[in-house]
Amino acid sequence: MNSSAARSHPVAGLRAPVRECGGPAKSRWPARMDLAQSLSGLALGLFMWGHMFFVSSILLGKDAMWVVAKAFEGYFIFGRSFPLLVSFVVGGVAALLVLHAFLAMRKFPASWRQYATFGEHRRMLAHGDTTLWWVQVVTGFALFFLAFPHLFQMLMHPAAIGPYESADRMFSGRWWPLYLVLLFCVELHGGVGLYRLAVKWGWLQGSDPAAGRRRLKTLKWALTVFFLVLGLATFAAYLKIGYEHRDRVGEVYTPAWVKPAETAR
Ligand code: HEM
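All of these numbers come straight from a predicted model, not from anything done at the bench. (Residues numbered from 1 in each chain as written. Predicted model: local features only at pLDDT ≥ 70, side-chain atom pairs only at ≥ 80, totals over all residues. Heavy atoms only, no water.)

## Re the overall build of the protein chain
Scanning the protein chain from terminus to terminus reveals 10 helices and 0 strands. Reading the protein chain from its N end, one meets helices and strands in the order α-α-α-α-α-α-α-α-α-α. When each of the 265 residues of the protein chain is scored for burial, the buried share is 37%. Of all intrachain contacts in the protein chain linking residues separated by at least 6 positions in sequence, the fraction that spans at least 24 positions is 73%. Total accessible area on the protein chain is roughly 15900 Å²; 70% of this is exposed by carbon and sulfur atoms. (Helix = DSSP H or I, 4+ residues; strand = E, 2+ residues; numbered from the N terminus. Buried < 20%, exposed > 50% of the residue type's maximum accessible area, 1.4 Å probe, protein only. Contact = heavy atoms within 4.5 Å. Areas by Shrake-Rupley, 256 points an atom, 1.4 Å probe, with all protein chains shown as cover.)

Rendered as C-alpha coordinates:
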(Lines give C-alpha, C1' and ligand atoms only; values in the text may rest on other atoms or scores of the structure.)
Protein backbone atom coordinates (compact mmCIF):
# COMPACT_ATOMS: atom_id res chain seq x y z
CA MET A 1 0.00 0.00 0.00
CA ASN A 2 1.65 3.27 -1.07
CA SER A 3 1.86 6.19 1.37
CA SER A 4 -0.71 8.49 -0.40
CA ALA A 5 -3.30 5.67 -0.28
CA ALA A 6 -2.42 5.11 3.42
CA ARG A 7 -2.91 8.81 4.16
CA SER A 8 -6.29 9.16 2.42
CA HIS A 9 -9.55 7.87 3.80
CA PRO A 10 -12.21 6.41 1.51
CA VAL A 11 -14.72 9.01 2.79
CA ALA A 12 -13.58 12.45 1.57
CA GLY A 13 -12.65 14.94 4.31
CA LEU A 14 -12.30 12.41 7.13
CA ARG A 15 -8.96 12.42 8.97
CA ALA A 16 -6.70 9.59 7.81
CA PRO A 17 -6.27 6.83 10.41
CA VAL A 18 -3.15 7.25 12.55
CA ARG A 19 -0.32 5.08 11.30
CA GLU A 20 2.63 4.19 13.52
CA CYS A 21 5.39 5.12 11.12
CA GLY A 22 5.20 7.63 8.32
CA GLY A 23 1.61 8.55 9.30
CA PRO A 24 0.42 12.00 10.44
CA ALA A 25 1.51 13.23 13.90
CA LYS A 26 -0.54 11.86 16.81
CA SER A 27 -3.06 14.34 18.26
CA ARG A 28 -2.12 15.92 21.59
CA TRP A 29 -5.78 16.24 22.56
CA PRO A 30 -6.12 12.90 24.44
CA ALA A 31 -3.18 13.89 26.66
CA ARG A 32 -4.61 17.39 27.16
CA MET A 33 -8.00 15.92 28.10
CA ASP A 34 -6.31 13.53 30.54
CA LEU A 35 -4.50 16.44 32.17
CA ALA A 36 -7.74 18.47 32.36
CA GLN A 37 -9.51 15.47 33.88
CA SER A 38 -6.77 15.10 36.51
CA LEU A 39 -6.74 18.82 37.36
CA SER A 40 -10.55 19.10 37.56
CA GLY A 41 -10.64 15.92 39.65
CA LEU A 42 -7.95 17.29 41.99
CA ALA A 43 -9.82 20.58 42.39
CA LEU A 44 -13.14 18.79 43.09
CA GLY A 45 -11.50 16.37 45.51
CA LEU A 46 -9.91 19.19 47.52
CA PHE A 47 -13.22 21.14 47.38
CA MET A 48 -15.05 18.16 48.84
CA TRP A 49 -12.58 17.97 51.77
CA GLY A 50 -13.24 21.67 52.49
CA HIS A 51 -16.98 21.22 51.97
CA MET A 52 -17.12 18.39 54.49
CA PHE A 53 -15.35 20.50 57.15
CA PHE A 54 -17.75 23.44 56.51
CA VAL A 55 -20.89 21.28 56.60
CA SER A 56 -19.65 19.35 59.67
CA SER A 57 -19.35 22.62 61.63
CA ILE A 58 -22.83 21.68 62.90
CA LEU A 59 -21.00 19.20 65.17
CA LEU A 60 -19.52 22.22 66.98
CA GLY A 61 -23.04 23.61 67.52
CA LYS A 62 -25.72 25.56 65.67
CA ASP A 63 -23.93 28.88 66.19
CA ALA A 64 -20.73 27.51 64.59
CA MET A 65 -22.62 26.35 61.47
CA TRP A 66 -24.47 29.71 61.35
CA VAL A 67 -21.12 31.56 61.41
CA VAL A 68 -19.73 29.38 58.56
CA ALA A 69 -22.87 29.87 56.44
CA LYS A 70 -22.82 33.64 57.08
CA ALA A 71 -19.10 33.86 56.27
CA PHE A 72 -19.79 32.44 52.77
CA GLU A 73 -22.52 35.07 52.32
CA GLY A 74 -19.97 37.83 52.99
CA TYR A 75 -21.72 38.85 56.24
CA PHE A 76 -18.48 39.42 58.22
CA ILE A 77 -16.91 41.46 55.36
CA PHE A 78 -19.82 43.58 54.14
CA GLY A 79 -21.78 43.73 57.40
CA ARG A 80 -24.74 42.07 55.70
CA SER A 81 -25.44 38.86 53.75
CA PHE A 82 -25.17 38.38 49.96
CA PRO A 83 -26.39 34.79 49.34
CA LEU A 84 -25.69 35.34 45.64
CA LEU A 85 -21.98 34.89 46.50
CA VAL A 86 -22.77 31.26 47.39
CA SER A 87 -24.59 30.82 44.05
CA PHE A 88 -21.46 31.99 42.23
CA VAL A 89 -19.35 29.37 44.05
CA VAL A 90 -21.98 26.69 43.36
CA GLY A 91 -22.02 27.71 39.67
CA GLY A 92 -18.24 27.36 39.51
CA VAL A 93 -18.30 23.93 41.20
CA ALA A 94 -21.14 22.76 38.92
CA ALA A 95 -19.22 23.87 35.80
CA LEU A 96 -16.10 22.02 37.03
CA LEU A 97 -18.21 18.91 37.73
CA VAL A 98 -19.72 18.99 34.20
CA LEU A 99 -16.24 19.37 32.65
CA HIS A 100 -14.86 16.52 34.79
CA ALA A 101 -17.81 14.24 33.99
CA PHE A 102 -17.52 15.00 30.25
CA LEU A 103 -13.79 14.18 30.25
CA ALA A 104 -14.28 11.07 32.41
CA MET A 105 -16.97 9.62 30.14
CA ARG A 106 -14.18 8.83 27.62
CA LYS A 107 -12.85 6.17 30.04
CA PHE A 108 -16.15 4.32 30.52
CA PRO A 109 -16.37 1.00 28.67
CA ALA A 110 -18.33 1.89 25.50
CA SER A 111 -19.89 -1.48 24.59
CA TRP A 112 -21.22 -4.68 26.13
CA ARG A 113 -18.10 -6.45 24.86
CA GLN A 114 -15.84 -3.91 26.60
CA TYR A 115 -17.78 -4.31 29.87
CA ALA A 116 -17.60 -8.10 29.58
CA THR A 117 -13.87 -8.05 28.79
CA PHE A 118 -13.16 -5.66 31.67
CA GLY A 119 -15.22 -7.85 34.03
CA GLU A 120 -13.26 -10.95 32.99
CA HIS A 121 -9.92 -9.17 33.47
CA ARG A 122 -10.97 -7.74 36.84
CA ARG A 123 -11.99 -11.14 38.15
CA MET A 124 -8.95 -12.86 36.67
CA LEU A 125 -6.42 -10.28 37.87
CA ALA A 126 -8.05 -9.77 41.30
CA HIS A 127 -5.84 -6.68 41.40
CA GLY A 128 -6.75 -4.06 44.00
CA ASP A 129 -6.20 -1.02 41.77
CA THR A 130 -8.26 -2.55 38.94
CA THR A 131 -11.15 -3.04 41.36
CA LEU A 132 -10.68 0.54 42.63
CA TRP A 133 -11.00 1.71 39.02
CA TRP A 134 -14.34 -0.12 38.82
CA VAL A 135 -15.44 1.62 42.07
CA GLN A 136 -14.51 4.90 40.28
CA VAL A 137 -16.69 4.08 37.28
CA VAL A 138 -19.73 3.00 39.35
CA THR A 139 -19.58 5.92 41.84
CA GLY A 140 -18.81 8.38 39.01
CA PHE A 141 -21.92 7.19 37.16
CA ALA A 142 -24.02 7.59 40.31
CA LEU A 143 -22.68 11.13 40.87
CA PHE A 144 -24.02 12.11 37.39
CA PHE A 145 -27.50 11.83 38.92
CA LEU A 146 -26.99 12.48 42.63
CA ALA A 147 -24.79 15.60 42.69
CA PHE A 148 -26.92 17.89 40.50
CA PRO A 149 -30.19 17.96 42.52
CA HIS A 150 -28.08 19.07 45.50
CA LEU A 151 -26.16 21.63 43.44
CA PHE A 152 -29.36 23.01 41.87
CA GLN A 153 -30.91 23.40 45.34
CA MET A 154 -27.83 25.27 46.56
CA LEU A 155 -27.67 27.37 43.38
CA MET A 156 -31.30 28.49 43.47
CA HIS A 157 -31.77 28.75 47.27
CA PRO A 158 -28.38 29.87 48.63
CA ALA A 159 -30.08 31.77 51.48
CA ALA A 160 -31.67 28.54 52.77
CA ILE A 161 -28.42 27.29 54.32
CA GLY A 162 -28.25 27.29 58.11
CA PRO A 163 -28.66 25.07 61.21
CA TYR A 164 -32.50 24.96 60.99
CA GLU A 165 -32.77 25.45 57.22
CA SER A 166 -30.35 22.58 56.36
CA ALA A 167 -31.73 20.28 59.08
CA ASP A 168 -35.34 20.91 57.95
CA ARG A 169 -34.33 20.07 54.37
CA MET A 170 -32.62 16.86 55.49
CA PHE A 171 -35.46 15.63 57.77
CA SER A 172 -38.80 17.27 56.94
CA GLY A 173 -37.77 17.89 53.30
CA ARG A 174 -36.80 14.17 53.07
CA TRP A 175 -33.51 14.91 51.32
CA TRP A 176 -31.67 12.46 53.66
CA PRO A 177 -31.81 9.41 51.31
CA LEU A 178 -30.07 11.44 48.58
CA TYR A 179 -27.44 12.75 50.99
CA LEU A 180 -26.74 9.31 52.44
CA VAL A 181 -26.06 7.70 49.03
CA LEU A 182 -24.27 10.86 47.80
CA LEU A 183 -22.01 10.84 50.87
CA PHE A 184 -20.74 7.28 50.21
CA CYS A 185 -20.43 7.86 46.45
CA VAL A 186 -18.50 11.13 46.71
CA GLU A 187 -16.16 10.00 49.50
CA LEU A 188 -15.32 6.71 47.73
CA HIS A 189 -14.98 8.45 44.32
CA GLY A 190 -12.92 11.35 45.66
CA GLY A 191 -10.69 9.11 47.79
CA VAL A 192 -9.93 6.65 44.97
CA GLY A 193 -9.53 9.57 42.54
CA LEU A 194 -6.89 11.36 44.64
CA TYR A 195 -5.07 8.05 45.22
CA ARG A 196 -5.03 7.28 41.46
CA LEU A 197 -3.81 10.82 40.73
CA ALA A 198 -0.92 10.40 43.17
CA VAL A 199 -0.01 7.03 41.60
CA LYS A 200 -0.44 8.34 38.01
CA TRP A 201 1.68 11.45 38.50
CA GLY A 202 4.14 9.82 40.95
CA TRP A 203 3.30 12.08 43.91
CA LEU A 204 4.29 11.17 47.48
CA GLN A 205 5.91 7.88 46.37
CA GLY A 206 9.47 8.33 47.66
CA SER A 207 12.43 6.31 46.30
CA ASP A 208 10.74 2.87 46.57
CA PRO A 209 7.62 2.94 44.33
CA ALA A 210 6.20 -0.33 45.72
CA ALA A 211 6.51 0.82 49.34
CA GLY A 212 5.26 4.25 48.27
CA ARG A 213 2.16 2.77 46.70
CA ARG A 214 1.42 0.71 49.83
CA ARG A 215 1.77 3.87 51.93
CA LEU A 216 -0.52 5.79 49.55
CA LYS A 217 -3.16 3.07 49.70
CA THR A 218 -3.10 3.09 53.52
CA LEU A 219 -3.40 6.90 53.51
CA LYS A 220 -6.25 6.68 50.97
CA TRP A 221 -8.27 4.28 53.13
CA ALA A 222 -7.51 6.25 56.30
CA LEU A 223 -8.82 9.46 54.68
CA THR A 224 -11.87 7.72 53.21
CA VAL A 225 -12.79 6.24 56.61
CA PHE A 226 -12.14 9.60 58.34
CA PHE A 227 -14.41 11.53 55.94
CA LEU A 228 -17.12 8.85 56.01
CA VAL A 229 -17.18 8.86 59.83
CA LEU A 230 -17.21 12.68 59.87
CA GLY A 231 -19.90 12.71 57.18
CA LEU A 232 -22.12 10.18 58.97
CA ALA A 233 -21.78 12.07 62.28
CA THR A 234 -22.73 15.29 60.43
CA PHE A 235 -25.63 13.53 58.72
CA ALA A 236 -26.91 12.26 62.10
CA ALA A 237 -26.57 15.74 63.64
CA TYR A 238 -28.69 17.38 60.90
CA LEU A 239 -31.31 14.62 61.17
CA LYS A 240 -31.51 15.01 64.97
CA ILE A 241 -31.94 18.81 64.73
CA GLY A 242 -34.46 18.34 61.90
CA TYR A 243 -36.49 15.87 63.98
CA GLU A 244 -36.50 18.19 67.03
CA HIS A 245 -37.44 21.15 64.77
CA ARG A 246 -40.14 19.28 62.76
CA ASP A 247 -42.99 21.43 64.18
CA ARG A 248 -41.29 24.73 63.29
CA VAL A 249 -40.15 24.01 59.72
CA GLY A 250 -39.26 27.25 57.92
CA GLU A 251 -38.04 29.09 61.03
CA VAL A 252 -34.72 30.84 60.27
CA TYR A 253 -31.97 30.20 62.85
CA THR A 254 -30.48 33.29 64.54
CA PRO A 255 -27.91 32.96 67.36
CA ALA A 256 -29.01 34.43 70.70
CA TRP A 257 -26.12 36.93 70.54
CA VAL A 258 -27.24 38.38 67.20
CA LYS A 259 -29.98 41.00 67.00
CA PRO A 260 -32.54 39.82 64.39
CA ALA A 261 -32.35 43.16 62.48
CA GLU A 262 -28.60 42.58 61.85
CA THR A 263 -29.21 39.43 59.83
CA ALA A 264 -31.80 40.95 57.43
CA ARG A 265 -31.11 39.73 53.89
C1 HEM B 1 -20.51 24.97 46.22
C2 HEM B 1 -21.23 23.87 46.11
C3 HEM B 1 -21.88 23.25 47.34
C4 HEM B 1 -22.50 23.84 48.41
C5 HEM B 1 -22.70 25.32 48.69
C6 HEM B 1 -22.95 22.77 49.29
C7 HEM B 1 -23.60 22.98 50.51
C8 HEM B 1 -24.03 21.98 51.34
C9 HEM B 1 -24.79 22.19 52.58
C10 HEM B 1 -25.21 23.54 53.14
C11 HEM B 1 -25.04 20.97 53.11
C12 HEM B 1 -25.81 20.67 54.41
C13 HEM B 1 -27.15 20.09 54.09
C14 HEM B 1 -28.12 21.09 53.41
O15 HEM B 1 -28.09 22.29 53.69
O16 HEM B 1 -28.95 20.62 52.61
C17 HEM B 1 -24.43 19.99 52.23
C18 HEM B 1 -24.44 18.64 52.46
C19 HEM B 1 -23.86 17.71 51.61
N20 HEM B 1 -23.28 17.96 50.37
FE21 HEM B 1 -22.94 19.75 49.57
N22 HEM B 1 -22.61 21.54 48.74
C23 HEM B 1 -21.96 21.79 47.55
C24 HEM B 1 -21.45 20.88 46.66
C25 HEM B 1 -21.49 19.51 46.87
C26 HEM B 1 -20.98 18.52 45.91
C27 HEM B 1 -20.35 18.85 44.57
C28 HEM B 1 -21.22 17.31 46.47
C29 HEM B 1 -20.91 15.94 45.92
C30 HEM B 1 -20.73 15.66 44.67
C31 HEM B 1 -21.84 17.53 47.77
C32 HEM B 1 -22.21 16.53 48.65
C33 HEM B 1 -22.85 16.74 49.87
C34 HEM B 1 -23.17 15.68 50.83
C35 HEM B 1 -22.86 14.20 50.65
C36 HEM B 1 -23.81 16.29 51.91
C37 HEM B 1 -24.32 15.62 53.20
C38 HEM B 1 -23.20 15.76 54.20
C39 HEM B 1 -23.46 14.95 55.44
O40 HEM B 1 -24.61 14.91 55.90
O41 HEM B 1 -22.50 14.38 55.92
N42 HEM B 1 -22.00 18.88 47.98
N43 HEM B 1 -23.82 20.63 51.16
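Continuing now.
## Some details on the site of the ligand
Of all residues adjacent to the ligand, which total 22 residues, the nearest are H51, H150, S166, Y179 and G231. In the model, a nitrogen atom of the ligand is placed 2.8 Å from a nitrogen or oxygen of the H51 side chain. Within the side chain of R169, an N or O atom sits 2.7 Å from an oxygen atom of the ligand. Secondary structure elements with two or more residues in the shell around the ligand: helix 2 (29–55), helix 5 (84–104), helix 7 (128–156), helix 8 (163–170), helix 9 (176–201) and helix 10 (209–244). When the residues that make up the shell around the ligand are grouped by side-chain class, the tally is 16 nonpolar, 5 polar and 1 charged. (Near = heavy atom within 4 Å. Polar contact = N/O pair within 3.5 Å; in protein donor to acceptor, adjacent residues only side chain to side chain. Nonpolar A, V, L, I, M, F, W, Y, C, P; charged D, E, K, R; others polar.)

## With respect to the pattern of salt bridges
Under the definition given, this model contains 7 salt bridges. Here D34 and K107 are joined by a salt bridge, their closest N and O atoms 2.9 Å apart. Taken together, the positions of D34 in helix 2 and K107 in the loop between helix 5 and helix 6 (112–125) put the pair 73 residues apart, joining distant regions of the chain. Using a relative accessible area of 34% as the deciding quantity, one classes K107 as partly exposed. (Salt bridge = Lys/Arg side-chain N within 4 Å of Asp/Glu carboxyl O.)

## Here we look at the coordination of the iron atom of the ligand
Coordination of the iron atom of the ligand by the protein is provided by H51 (NE2) and H150 (NE2), with metal-donor distances spanning 2.0 Å. Coordination at the iron atom of the ligand is octahedral: its 6 donor atoms span angles of 87 to 179 degrees at the metal. Linking H51 in helix 2 with H150 in helix 7, this pair joins segments that are 99 residues apart in sequence. (Donors = N, O, S within 2.8 Å, 3.2 Å for Na, K, Ca; no water. Tetrahedral: all angles 85-135°; square planar, octahedral: opposite > 155°, others 65-115°.)

## Thoughts on the packing of helix 8 against helix 10
The contact between helix 8 and helix 10 brings their axes to 8 Å, and the two run at 95 degrees. The orientation of helix 8 with respect to helix 10, classified from their angle, is roughly perpendicular. Where helix 8 approaches helix 10, its residues P163, Y164, S166, A167, D168 and M170 are matched on the opposing element by F235, Y238, L239, I241 and G242. (Axes fitted to C-alpha atoms, helices over the stretch in contact; angles between N-to-C directions. Parallel < 35°, antiparallel > 145°, perpendicular 65-115°, else oblique.)

Read these as geometric descriptors, not functional statements.
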